[in-house]
Number of protein chains: 2
Amino acid sequence: MAIANKNIIFVAGLGGIGLDTSREIVKSGPKNLVILDRIENPTAIAELKAINPKVTVTFYPYDVTVPVAETTKLLKTIFAKLKTVDLLINGAGILDDHQIERTIAVNFTGTVNTTTAIMEFWDKRKGGPGGVIANICSVTGFNAIYQVPVYSASKAAALSFTNSLARLAHITGVTAYSINPGITRTPLVHKFNSWLDVEPRVGELLLEHPTQTTLECAQNFVKAIEANKNGAIWQLDLGQLIPVEWTKHWDSHI
Amino acid sequence: MAIANKNIIFVAGLGGIGLDTSREIVKSGPKNLVILDRIENPTAIAELKAINPKVTVTFYPYDVTVPVAETTKLLKTIFAKLKTVDLLINGAGILDDHQIERTIAVNFTGTVNTTTAIMEFWDKRKGGPGGVIANICSVTGFNAIYQVPVYSASKAAALSFTNSLARLAHITGVTAYSINPGITRTPLVHKFNSWLDVEPRVGELLLEHPTQTTLECAQNFVKAIEANKNGAIWQLDLGQLIPVEWTKHWDSHI
């Protein structure tokens with residue numbers, strides 16, 4: 001999918017990985033980039049507009065933990081303005097295993113609910129045109145950072161959900177793939193709580209090993225968007241973009 | 001771990017797979033089987049007591065979606081009576097992809113919270129004696145039934161969480177393994193809602209393929225308890241008990 005002239009909604013497009021990705025997206029010249037984030041950042045929005053004045057960058061406040069009905073209302077406003085939306089990026093995430101409920105609500109339920117809400121506009125069974133969903137999951141959904149078992153599990157859930165979405169594309173017309181960053185040098189990683197404080201130095205320890213920058217991650221993110229491969233499980237680690245083959249342990253046969 | 005003379009807490013021990021498993025456990029002669037379930041079933045409790053009169057079977061009402069503090073209170077009562085608990089089985093689960101929040105709350109958050117609560121009593125860093133956790137996850141955590149993406153994802157999360165618990169055993173003294181049943185002929189499977197009704201016949205379709213009985217599943221469950229292997233990912237499918245080797249796509253190196 002060429003980004004040029006497309007309409008893109010980016011949930012958490014001002015976040016650690018989000019902002020650099022928004023910058024890279026804007027460079028590729030979409031028609032609209034609609035950023036939904038919890039906290040407004042007018043400086044960042046102004047910067048994005050300045051990068052490419054041909055792109056319409058708009059911002060709406062959005063907390064992914066609101067009920068689906070509220071998301072639907074916001075999407076109604078956005079679809080009324082844009083008419084069509086080509087790509088939804090779900091990027092909201094927190095990393096704090098002291099906050100069990102909130103981690104699950106943001107990283108897992110938030111992704112499911114935002115996706116569920118957009119289906120009303122996209123689902124081909126309802127006469128919709130289909131669409132594309134890129135969910136930012138994590139390599140910790142493959143293999144955990146076991147010191148943050150709740151975060152890792154929430155990402156395993158987001159990944160599994162995304163894989164299912166892809167397999168439902170023939171029914172819904174909506175394709176999906178997952179973006180799974182490895183350890184990326186964002187504010188998120190510097191200091192965070194492990195579950196029951198099993199490892200107070202978990203952030204520090206992670207950063208003792210090779211990592212990647214948010215820019216490297218963002219550039220590969222744009223490559224994954226351009227590849228537009230339904231069902232792809234993209235690992236974005238150490239500056240590389242690698243497709244992951246999921247192991248089949250079991251098959252539902254349906 | 002020999003079940004004889006042990007103290008076991010079984011969350012959802014009266015459920016579809018739970019009740020047959022409780023029957024098999026009681027036959028093996030634990031000292032105490034404490035069943036926590038949402039709905040009391042005096043007939044089932046009486047039957048369990050009759051199977052082996054030497055076993056003390058007790059019941060407490062418990063909804064896994066309560067806050068951790070409430071679980072802690074209940075566990076305090078149980079630990080005061082039993083003094084020690086050897087095994088906690090987390091078996092609460094629902095299958096209804098119309099209920100997104102509830103599916104996540106029961107299948108994922110419920111497992112995390114009940115585990116978090118018992119750590120206060122078991123964690124060796126607090127002078128506790130350690131313990132063993134058996135989490136009932138699902139083969140759909142390996143590879144989804146994509147028509148129920150929320151259920152499958154919640155099970156992927158429970159599985160990931162359990163794998164992490166096992167790797168934390170050297171810190172907490174608490175070991176863990178997952179019990180992953182394949183399609184088992186329980187009331188759960190006969191009729192359930194798919195996500196956005198993508199496949200109204202999902203239950204029927206699953207049952208057109210080979211399945212297992214709850215008794216087969218329960219007997220293999222007891223074998224897994226006896227094997228007592230920290231970190232094991234047990235697949236209980238088609239009457240068989242198979243250890244699954246998880247694929248390493250990524251390593252945190254910490």
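Here the structure is a predicted model, which means the values were calculated and not measured.

**Concerning the nonpolar core**
Counting 82 residues, the largest nonpolar core has Ile 9, Leu 36 and Ile 78 of chain A together with Ile 9, Leu 36 and Ile 78 of chain B as its most contacted members. Not counting residues within four places of it along the chain, the set of residues in contact with Leu 36 of chain A comprises Ile 9, Phe 10, Val 11, Ala 12, Gly 13, Tyr 60, Tyr 62, Leu 74 and Ile 78 of chain A.

**Quick look at empty space enclosed by the protein**
In the structure shown here, the tally under the stated rule is 1 cavity of 30 Å³ or more. Lining the largest cavity, in full, are Phe 142, Trp 246, Thr 247 and His 249 of chain A together with Phe 142, Trp 246, Thr 247 and His 249 of chain B. Partitioned by chemical class, the residues of the lining of the largest cavity number 4 nonpolar, 4 polar and no charged.

**Description of the pairing of strand 4 (residues 87-90) of chain B**
All names here are of chain B. Alternating residues of strand 4 divide into Leu 87 and Ile 89 and Leu 88 and Asn 90, and every residue in both groups is buried. Here strand 1 (residues 7-11) pairs with strand 4 via 4 bridges, running parallel. Considered in strand 4, the bridge of Val 11 is made with Asn 90. Following the chain from strand 4 across helix 4 (residues 100-122) to the adjacent parallel strand 5 (residues 131-136), one finds a crossover that is right-handed.

**Side note on the relation of the copies chain A and chain B**
Each copy superposes on the other: chain A lies on chain B with an RMSD of 0.0 Å after a rotation of 180° and an axial shift of 0.0 Å. Such a combination of turn and shift is consistent with a two-fold rotation axis. The rotation axis passes nearest to the C-alpha of Ala 157 of chain A in chain A, at a distance of 2.5 Å. Counting the interface residues of chain A, we find that 98% of their copies in chain B are interface residues as well, pointing to one common contact surface.

**Some words on helix 4 (residues 100-122) of chain A**
Here helix 4 of chain A is 23 residues long and its end C-alpha atoms lie 32 Å apart, about the 33 Å a rise of 1.5 Å per residue gives. In the structure, helix 4 of chain A departs most strongly from a straight axis at Thr 109 of chain A, where the bend amounts to approximately 45°.

**Topic: the interface of chain A and chain B**
Each partner contributes residues to the interface: chain A has 57 residues there, and chain B has 56 residues. Of all residues in chain A, Tyr 146, Trp 250 and Ile 254 of chain A bury the most surface against chain B, accounting for 18% of the area lost on that side. Taken together, the connections running from chain A to chain B amount to 0 salt bridges. Between the two partners, chain A and chain B, sit 21 residue pairs in polar contact (both at pLDDT 80 or more). Of all the elements in the fold, those that place two or more residues in the side of chain A that touches chain B are helix 4, helix 5 (149-167), helix 6 (169-172), helix 8 (202-207) and strand 7 (233-237) of chain A. It is helix 5 of chain A that contributes the most residues to the side of chain A that touches chain B, 12 residues altogether. Residues belonging to the side of chain A that touches chain B are distributed by class as follows: 30 nonpolar, 20 polar and 7 charged.

**Some thoughts on the side chain of Asn 107 of chain B**
Residue and element names in this part refer to chain B. Within the secondary structure layout, Asn 107 lies in helix 4. Asn 107 sits in the buried class, given a relative accessible area of 1%. Those residues within four positions of Asn 107 in sequence are excluded, and the remaining contacts are Ala 92, Gly 93, Ile 94, Tyr 151, Ser 154, Lys 155 and Ala 158.

**Details of the packing of helix 1 (residues 16-27) of chain A against helix 2 (residues 42-51) of chain A**
All names here are of chain A. Following both chains from N to C, one finds helix 1 and helix 2 inclined at 25°, their axes separated by 9 Å at the closest point. Accordingly, the angle class assigned to the pair helix 1 and helix 2 is roughly parallel. Viewed along their axes, helix 1 and helix 2 form a crossing whose handedness is right-handed. Taken together, the residues of helix 2 that come into contact with helix 1 (itself represented by Leu 19, Ser 22, Arg 23, Val 26 and Lys 27) are Ala 44, Glu 47, Leu 48 and Ile 51. Here the contact of helix 1 with helix 2 is built from residues that sort into 5 nonpolar, 1 polar and 3 charged.

Reading the values: rules and limits
- Residues numbered from 1 in each chain as written.
- Chains lettered and ligands numbered in written order.
- Predicted model: local features only at pLDDT ≥ 70, side-chain atom pairs only at ≥ 80, totals over all residues.
- Heavy atoms only, no water.
- Core = buried A, V, L, I, M, F, W, Y, C linked by side-chain atoms within 4.5 Å.
- Buried < 20%, exposed > 50% of the residue type's maximum accessible area, 1.4 Å probe, protein only.
- Contact = heavy atoms within 4.5 Å.
- 1 Å grid on protein atoms, 1.4 Å probe; cavity = no way out; pocket = protein on both sides within 12 Å on 5 of 7 lines; lining within 4 Å.
- Points joined across faces, edges and corners; volume = space filled by probe spheres on them.
- Nonpolar A, V, L, I, M, F, W, Y, C, P; charged D, E, K, R; others polar.
- Helix = DSSP H or I, 4+ residues; strand = E, 2+ residues; numbered from the N terminus.
- Pairing = 2+ DSSP bridges.
- Right-handed = clockwise from strand over helix to strand, strands pointing away.
- Least-squares fit on C-alpha atoms with pLDDT ≥ 70 in both.
- Expected span 1.5 Å × (residues − 1).
- Bend = angle between axes of the 7 residues up to and from the residue.
- Buried area = accessible area lost by both parts, 1.4 Å probe.
- Salt bridge = Lys/Arg side-chain N within 4 Å of Asp/Glu carboxyl O.
- Polar contact = N/O pair within 3.5 Å; in protein donor to acceptor, adjacent residues only side chain to side chain.
- Axes fitted to C-alpha atoms, helices over the stretch in contact; angles between N-to-C directions.
- Parallel < 35°, antiparallel > 145°, perpendicular 65-115°, else oblique.
- Left-handed = near helix turned anticlockwise from the far one by under 90°.

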